Amino acid sequence: MMPNKKVFIRELKNYIGQQVRLDGWLYNSRSSGRVLFLMLRDGTGLCQCVAEAANLSKELFVQLEHLGQESSLSVGGTIRAEPRSPGGLELAVSDAIIHCPAADYPITPKEHGIDFLLKNRHLHLRSLRPWCIGRIRHTVIDAIRRFFNDNGFILVDTPIFTTIAGEGEQTLFEVDYFGQPMHLAQTGQLYLEAAAMSFGKVYCFGPTFRAEKSKTRRHLTEFWMVEPEVAYIDLPGLLELAEDFVFSIIQGVLRNNRAELETLGADIAALEAIQKPFVRLTYSEAAEILTSNRTKEFMAAQLEGFLAQKKAYEEELNQLLLLEAKGGLKKWQQDKTAGRIIELRGELAELQVKIENNPKHAQLAADFQWGKDLGGSDETIISLMHNRPVFVTHYPKKAKAFYMKTDRSREEVVENFDLLAPAGFGEIIGGSIREDNYERLLARIRQEGYNLDSYQWYLDLRKYGSVPHGGFGLGVERTVAWLTGEKHIRQCIAFPRLMDKVYL
Ligand code: 4AD
């Protein structure tokens, strides 16, 4: 008899000793003759369900024994403590209903290449890593909304079809809007500035589009960005806001997703160690660090570390290849060995890129000239040298967007900041105080060669009650990648859009 009481795996600890039903999918299973261990997932977690031949009809036991990975089924039975099970609990099966048996599920527990997984993203979402990352992403988004809602910000939904560029015309996706050219939003900021003059403190949160011809691990063509905008704020105030905001996201994830972070192998201790205040550097100080001996030595030490790691991986790989060639391994040992070999080859390929890049990046840093924007590798170096997030402020005007406010005490720089996540991750936030003087803004728009008619409404904001104001944008996928230790941000959104490939 199937118990009526349906529960979720996440809440099982409240049902020890009780008869319950779980509805889910078969994650994997193993048999020891008279006993079957069915690992069931139900969207909230994994539960080991133990089916003994003695307690079930022969027919049902045989069906369960032959059930393929990802078959959907309901399982009923009693919850009991079992320290060796995930979560310390298991279900002693008294009945089961099979809804849709699955055979030959393409994603097996062993390792697969990234291209294969992205082509099968619709199925891969069910695997443990994407599931953990998806849950952490949910927490990050929840923490973002909570922070702004609890701090007096009003949500303003800015348009996706836009008439003006915020972040440079080179990365605009053009769309045909009933015969009129329009763009997909690169940022909600300019609209948000208008809204800030109505509500004081506002934020927008939505998908953002950039036709960025960049195939790096940090770029998507469609990503999610949250942008707050505040009237009457200065740069130190803005940094403090960003600091409190990012800190609240870290705390939210540590509170809600410790198990997922552990499964992913994320550096929990490093996240726990992050305290306020974050590091504050000016662009000029960052430039000095890049060209210093300290960076030269740091890069050399890094290269040595990579080479030592390479040697260790190669030795392990050779041993496994020998083991494979010798034969005589059990099926599970073969799978385990094959999986680790794929993993090691992946790690070695990545290391090789790092080894080749290290001298180039070291050279780029050594040659860094004041006036250039910080490149990805420069950011990585600065962020590797710190174990808490780093604000870099006051970039050269010529390297930055037209709307940023010129520092009145030093006209060649703007009142802006980037926030670099620590341990080599790099930029997760860009923000600034906005130019609030009509004439100066007009001159910058002209300099960029933008169509003045389109920017008239934006200029109006500097005509009618202009005030010092500013804000920033945080990229959700980059933040999730940093917190989870995921190398590529394509894993941090359910269906990624990349420059060279849209899989599904
Ligand atoms: O520095 P960005 O370009 O700033 C703006 O868009 C401003 N209008 C924000 C503002 O002041 N309201 O982008 C902000 C953040 C980056 O730090 C990064 O996290 C993310 O957006 N981002 C991307 N994420 C993934 N793929 C891309 N191609 C990204 N481009 C920017």
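Everything that follows concerns the structure shown earlier in this document.
Residues numbered from 1 in each chain as written. Predicted model: local features only at pLDDT ≥ 70, side-chain atom pairs only at ≥ 80, totals over all residues. Heavy atoms only, no water.

A. Up close: the overall build of the protein chain. A count of helices and strands for the protein chain gives 15 helices and 16 strands. If one aligns the C-alpha atoms of the protein chain with their principal axes, the spans along those axes are about 85 × 55 × 50 Å. A total of 504 residues make up the protein chain; the buried ones form 49% of that total. Of all intrachain contacts in the protein chain linking residues separated by at least 6 positions in sequence, the fraction that spans at least 24 positions is 69%. Here the protein chain has roughly 24400 Å² of accessible surface; of this, 52% comes from carbon and sulfur atoms. Separation of charge centres in the protein chain, based on 61 positive and 65 negative side chains, amounts to 4 Å. (Helix = DSSP H or I, 4+ residues; strand = E, 2+ residues; numbered from the N terminus. Buried < 20%, exposed > 50% of the residue type's maximum accessible area, 1.4 Å probe, protein only. Contact = heavy atoms within 4.5 Å. Areas by Shrake-Rupley, 256 points an atom, 1.4 Å probe, with all protein chains shown as cover. Lys, Arg positive; Asp, Glu negative; His and termini not counted. Charge placed at Lys NZ, Arg CZ, Asp CG, Glu CD.)

B. Region of interest: the state of the cysteines. Taken as a whole and judged by the stated rule, the model has zero disulfides. The cysteine C132 is free of any disulfide, with C492 supplying the nearest cysteine sulfur at 12 Å. (Disulfide = S-S within 2.5 Å.)

C. Representation of the site of the ligand in the model. In the neighbourhood of the ligand, 24 residues make up the surrounding shell, with E167, Q189, R210, E227 and E427 lying closest. The contact in question runs from an oxygen atom of the ligand to an N or O atom on the side chain of R210, over 2.8 Å. Within the backbone of G430, a nitrogen or oxygen atom sits 3.5 Å from an oxygen atom of the ligand. Burial of the ligand by the protein chains amounts to 94% of its free accessible area of 630 Å². No other element matches the five residues that strand β15 (residues 426-433) contributes to the shell around the ligand. Looking at the shell around the ligand, its residues break down into eight nonpolar, eight polar and eight charged. (Near = heavy atom within 4 Å. Polar contact = N/O pair within 3.5 Å; in protein donor to acceptor, adjacent residues only side chain to side chain. Nonpolar A, V, L, I, M, F, W, Y, C, P; charged D, E, K, R; others polar.)

D. Quick look at the sheet that holds strand β8 (residues 174-177). Strand order in this open sheet of three strands is β7-β9-β8, and the pairing throughout is antiparallel. The sheet is open, and its two borders are formed by β7 (161-162) and β8, each paired with just one other strand. With four bridges joining them, β8 and strand β9 (residues 180-184) adopt antiparallel strand pairing. The residue bridging D176 from the neighbouring strand is P181, located in β9. (Pairing = 2+ DSSP bridges.)

E. Expanded view of unusual backbone geometry. Residue P277 is reached from K276 by a cis peptide bond, and omega for that bond is 0°. Mapped onto the fold, P277 is located in the loop between α8 (268-272) and β12 (279-282). One non-glycine residue, F178, lies in the positive phi region at around 50°. Mapped onto the secondary structure, F178 falls in the loop between β8 and β9. A relative accessible area of 76% means that F178 is categorised as exposed. In this structure, H394 takes a positive phi of about 60° despite not being glycine. Turning to its location among the elements, H394 is positioned in the loop between β13 (390-393) and β14 (416-421).

F. Inspection of the sheet that holds strand β5 (residues 89-100) at higher detail. Strand order in the closed barrel formed by five strands is β1-β2-β3-β5-β4, with mixed pairing between adjacent strands. Shown here is a sheet whose adjacent strand axes are inclined to one another by a mean of 55°, direction ignored. The pairing of strand β3 (residues 46-52) with β5 spans three bridges and is classified as parallel. Following the sheet pairing, C49 is matched in β5 by L91. (Axes fitted to C-alpha atoms, helices over the stretch in contact; angles between N-to-C directions.)

G. Structural view of the packing of helix α9 (residues 283-290) against helix α12 (residues 376-384). The interhelical angle for the contact between α9 and α12, taken along N-to-C directions, is 85°, at an axis separation of 11 Å. Classified by the interaxial angle, the pair formed by α9 and α12 is roughly perpendicular. Contacts between α9 and α12 involve A286, I289 and L290 from the former and D378, I381 and I382 from the latter. (Parallel < 35°, antiparallel > 145°, perpendicular 65-115°, else oblique.)

H. Representation of the environment of F153 in the model. Residue position: F153 is located in the loop between α4 (128-150) and β6 (154-155). The class for F153 is buried, based on a relative accessible area of 5%. As for F153 and E229, which are separated by 76 residues in sequence, their C-alpha atoms are 8.8 Å apart. Contacts of F153, omitting those with residues within four sequence positions, involve F148, K201, V202, Y203, P228, E229, V230 and L241.

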